[in-house]
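Listed here are the chains, written in short residue letters.
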Amino acid sequence: MGQVALAGAFAGLTPFSNSTTLSFDPSVSSLLSRTSEGALTTLVTTNSGGSISSGCAISDIFYFAGSFSSIGNTSASSIASYTPSSGAFAALGSNGPNGPIYSLYCDVSHSQLWVGGHFTSPGSSVAIWDTKSNLWSAPSFKGFSGAAGEVFSITPNSSDNSLLFAGSFLTSFTANATALNNTNNPNVPYSPGATPFSSSLVPIPLTGAEILGEPSSSDPQFSNVLNILCPAGPDGPGNTWLAANGNGAVVTVRDFSSIDAYGVRLGNTFQSGYGTTAFSVTSIPDNTVQTLSYVNPSTGQNMTCTNSCPLSTDSSILYQDFIFTAPVTLTGMQITLSGWTGAAPGLHMLQLLSSGAFASAVSSENTQSCFAPNPSNTTSTGQWTTENAVTSIPATLQTVLVSTVAVGTPPSEAPSFTWQPYVSASGQYDVNLIIPGCSDFEDCALRTSVQVAVFPGGGAQPWVSTISQQVQSDTTTLVYSGPIVPSSTNFVTTISMTLASNPEGSGQNGQYELVAGNVALVLTSANVTTATASGSSGSTSTASSSQHGFGFFEWPLSSSASIDTTGTIPNTSKTSLDMISIDLYNALGAVTPNTTFVAAIAQHPSGAVYLGGNFQLTSGSTSGTSNIVAFKSGSLVALPNGGLNGPVTSLVLYGDELYVGGSFTDTNTASMQGKLKGVAMYDVGSNSWETMGAGVNGVVASLALADGRIQVAGNFTEVLNSSATGVSAGGLATWDVNSASWVNSGGFVLGDMTFVGNSTLPAQGQEQTQIVAGNLQSTAEYGASGLVMLSNGGSTGPLVTPMGVQLDNSIMNTSASATATKRQLHNRRGPSAWISHLKIGTIFTRQSTNIPATLPPSPPAPAPAVLAGAFWTNVSTSHEVAIIGGNFSFPSSSSAISSALAIYDPVTSSISALAGAQIDGVVRAVYVDQGHQLFIGGEFNLTGTTASGLALYDLSAQQWDTSSMQPLQPLTGSSVVVRSLSSSTYKSEAVIVAGSFAQAGSVSCQGICLFDTTLNQWSTLGNGIQGDVSSVSYAGNNQEVLIAAGSITLSGGSTANVAQYDFANATWAAIGDGSEIPGPVTAVEVNNGNFSSIFAAGRTADGSSSFMMFWNGVSWNNVGSSLQGNTNISQLLMVPLLNTHSANSIVESDRMLMVSGALSDNSFGSASSVLFDGSSFIPYMTTMTAQGALGSISSLFYSFANFSFNQQSFLATGIVILISIAIAAGVVFLLALIGILWTLLSRRDDKLSKYNANEDEDEDSVQHRPSSLLEHINAATRTTIFGAPLNNVSTEKEEAVRETAATEPDPFGPDGSNYLRAETPSDAVVGTMAAEEEFSRPAHARFSFEGESEGELPLTAGLEVEVLDDRDAAWWYVRNPQTGQEGVVPAAYLY
């Protein structure tokens, strides 16, 4: 058959087996294997609600992890192993990670599996599985904590000698430095209850706050709670507050403004009979009881408390500092004094500690703090005015200063603003600029960017950065992180702001607006890492200090150090790349909520590190960058256009190309016109973004590199080409790097895919396979948009090669349902004389004048669908290409969109359009003649021409031929539909066009017409027909007879949904009794040209059910009774086998009938193609659409123009398609065969031993007593072999035969001398040998026949015999010309 292809309306295809699964439970996560060609096989599923997010391989074992409790029938806690060679799954020991796992890294050289996620054991978010000892352990650096405490990626560096960890966690590094002092802040009275850190926090002035202490003492000297805010003297009257006797008390502070606080300072009272022993702090307005940390003054140990915090009653402790776990934004606090000694609780000191230091842009708000020599201050140039806006905290207002400046004004001439916050002590500080959101102020159009300079003191150079004020909501922006060293006790640091050198935005009405809000300094360490200064005591010392990092950590694989990365990391373990985390922390403004994370890392061979995740950088040189950033030459570097506008989930490096996956659509500045949907490529060399088509229509979760292609997994349903046209791809797609285009991914899935990665290393000579995971709705082994190639070589079935390109949805508004409405009932011609040379009364007794039903609507073919194809050798390339037609579109080489017709080259996996006009509609048939003329049929118009439903294209000249062929004309109220284009070897110069039409040019030829390619003329076939033709086949050794099927009325007025046309005598005739076929026929097939072996399929006249019939040369018999009503059969085709089946009277052993369409049967469920061996259906292929519904196969087409089963050499040369029945299907077949044989033998014995003549005398019985020896043999033997006869000749037919025999002379007298050679086997129906010629006719044995009974003639398959008497319906009298022996043989055994 040469090249073989399957076409249809499908996105996925799977060779059928009993384990074939079409749909899945989307609540479970499935693990699939993917071959190098892309074929998918489901391996296992998790428990409901499970997920798989990562995987890697060591040796011959693949490890995968996520969040699940079981894999198949194996209990496994979030991680398991898979051995491909045995198919076994196993859990990984005990005491493994106790939480979800997000990342795996397989260290092959050390046989260790590194695991990252969100768990606490055996390590903190990191664990190691040793594949040799089969034991779990924590890493030598213990793991990570802080922020969300999660690890999302474990990646080797470019040299594979260290691991790069990424996620949401905090790190802290030490460094040698000089500190001003190693004691508490000298500007604050000393107390053992404070630390160097807490004593450095400047108290927040509360002079304007509302403060209540209830219930208060009745003694006026101790009833004023305001006296304890900044006591003027020691504990005593006027400096202490006491509660009412016998009661606990609550002190409430409300400031009605937003405050960043880090803790409280409380001093107990030691008045006789009074004192507080326990308290708690609740923040306002969130009403949260804060967790506090403090130093136990007695032991010096760090302690924490929440609901009942102790307050020392030791009079030597002036005060104690209680610190929140992190700075808290509040408007007040409530201190509940719940425990006391003596009569009542009381306090000598109450202060709210800031996060470090602060300054407001409004001078009146900068009041002096307790223990401060002076308040914070501000200065400005230009005109600044106040504006108020509400904040995110209810009942609070924000006052800021604004100044306008003309667009184009130089920064030196623009207004400026300077904050000078009071800093109490030296230390490491993060300096934050609070930028009010423009939405509340309704001034977004005026906003621009500013330049901010921080002067930290201590001789350090100023830190300058450009900050955008174009923020919708209030934003805290880090403008500096590092040491601040006061030069005196009244030291103030300086933060200045002016117009940026290159202001962003265009302003409004020619004006920009600058906004000055508050400045907050957050103390991160009381030690100084740089600079040397003299403290108040005049002493200096060396101390260890720390730097904070976020989301990144490097660990050398050769390191044997034992450290704790959840604490402070010594500088001896710090690598050069660890500066990434420090810079990232600073660039984030030291704000690291749980939603901020680094998800993926890739290091380029140049040393550059790329980090992707969910983050927005707000400080430093990368301010304004989002979700992806680079680290080069020791510092963070922004990628072009500010990064991406959505989170990044995956990075893959291929040379200088960095492939990025995530949930973005463009760069931050929308520079790529929205064509970075979900995926993007960053060119390292050119420092530019490149598109991948236009991306995908959803979120990408995982990327992998395999064989020069990028595998993309995620939650999407389409890939988008450069014109943003969608191509079906349900969660798995492939990008070809070389062609820079989306290509067929091989397999088909529909679901939310979460992971794709390489499986175990392939054996020598094998190619790399992949593992895919996700929540599936449906899947197919092969993914292809409507076309696959079949070839020999598979061990369990044919080798399937999907089309290498993806077809798009049709751009036309053509649907099957719309087409169906156009197929009206045709006006039939009246009866007329036809086949007048046949003088046989029995034929006309079968004719019916009933008008047949119209053809059923074409089965749904949602785009993209390939409905027809033909192979053609392209003379310019010598490649045998497939010309395909259907309902689809695709981008042509000229960047235009072509539809319905294409040329696909399997060698180059490329697709091209025909030059010239484009088809508007659906193509249903294609045919290439010997002169390289391409005939195209269907339901369409050809743009710019009068062609409708049929067009001609010259492949050699590469142009449409619009002059050689007159167009078809439709019936009234209908449109032209061409369903079949074919040619007979008997008339090789003619093309037979069949479908629904009234005439061709001026020639009246309804439904079927002949086009002479030599004369370019149309002609009617004989007297023509009425009706619609769906399918055409040919019979005879030279295809001298045409078999047409559909909804047909012959010229005599009879319904003949399967009819034959004899080219030699130009006559039409019905095949059998038209009433035996229950409705219009949609597909017909002649078995190797045999007139007595024809299959027809269709739907009943009322459309309620489907049928498949077999013509055995005598009658039509139902062989598709098990097919369900929703079955639609599109094609019937005899196909050869490499392995034979048991022969029977219907199908020979070396072939089967392939039945294609959308099929449903009780025995196999649903399929798109099945094989019929004469007794049962064997499912062969299942397909599905891009939406997960069952698909259909429209046709199998092949390159040999005239294939014959007589050419046995093809079976040995691998040119036939391989039909290999699955083991399970073979078992079913074997059981069925045993049952048939058992029934046959039992019935033979039963019938021969229990013959009852009285039963046969019953005139109503189907079996009548024979009136001759030949009929006796027929009746007895037929019942013995078949039981209820398959070749069922009805009582009415036999009565008609007898009536005819009584009125006409019997041409077969006892002397047997007047035998007639029938024109064809089908002319011999019910005995048609008229005594016009005295000749026998040749025939061949289809099967071997033992002929053991008296009067039977033995046959061997292929033997040529002479038919002497074919009057009986089931047994013919024949002669063996080689031996001269004569006898009876089964008629169905001859052809």
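Keep in mind that this is a model prediction, so the values were computed, not measured. (Residues numbered from 1 in each chain as written. Predicted model: local features only at pLDDT ≥ 70, side-chain atom pairs only at ≥ 80, totals over all residues. Heavy atoms only, no water.)

Asker: How should I be thinking about the sheet that holds strand β60 (residues 799-802) in this particular structure?
Answerer: Note on sheets: strands pair through backbone hydrogen bonds, and any given pair is parallel or antiparallel. Read from one edge to the other, the open sheet built from four strands follows the order β60-β59-β1-β88, with strand pairing classed as antiparallel. The open sheet is flanked by β60 and β88 (1192-1198), the only strands paired with a single partner. Averaged over all neighbouring strand pairs, the angle between strand axes comes to 25°, with direction disregarded. As judged from the four bridges shared by strand β1 (residues 4-9) and strand β59 (residues 787-791), these two strands associate in the antiparallel manner. What sits directly across from A7, in β59, is L787. (Pairing = 2+ DSSP bridges. Helix = DSSP H or I, 4+ residues; strand = E, 2+ residues; numbered from the N terminus. Axes fitted to C-alpha atoms, helices over the stretch in contact; angles between N-to-C directions.)

Asker: I'm lost on the packing of aromatic side chains in this one. Help?
Answerer: Tallied over the full model, the rule gives 41 aromatic pairs. Look at F141 and F144: their rings are 5.5 Å apart centre to centre, the planes differ by 40°, and that puts the pair in the tilted class. Judged by relative accessible area, F144 falls into the buried class, the value being 1%. Ring centres of Y927 and F935 lie 6.5 Å apart, and the angle between their planes is 45°; this geometry places the pair in the tilted category. Neither Y927 nor F935 differs from the other in exposure class; each is buried. Pairwise contacts between aromatic rings join W114, F141, F144, F165, F169, F553 and W555 into one cluster. (Phe/Tyr/Trp six-rings, centres within 6.5 Å; stacked < 30°, edge-to-face > 60°. Buried < 20%, exposed > 50% of the residue type's maximum accessible area, 1.4 Å probe, protein only.)

Asker: Any chance you could explain the state of the cysteines here in plain terms?
Answerer: Enumeration over the complete set of coordinates arrives at five disulfides. The residue that forms a disulfide with C56 is C106, at a sulfur-sulfur distance of 2.0 Å. Here the disulfide of C56 and C106 is right-handed, its torsion about the S-S bond being about 75°. Note that C56 is positioned in strand β5 (residues 51-58) and C106 in strand β11 (residues 101-107), a separation of 50 residues in sequence. Here C230 pairs with C370 through a disulfide, and the sulfurs are 1.7 Å apart. Taken together, the positions of C230 in the loop between β17 (210-214) and β18 (241-242) and C370 in the loop between β27 (356-359) and β28 (377-381) put the pair 140 residues apart, joining distant regions of the chain. The class of C230 is partly exposed, set by a relative accessible area of 41%. (Disulfide = S-S within 2.5 Å.)

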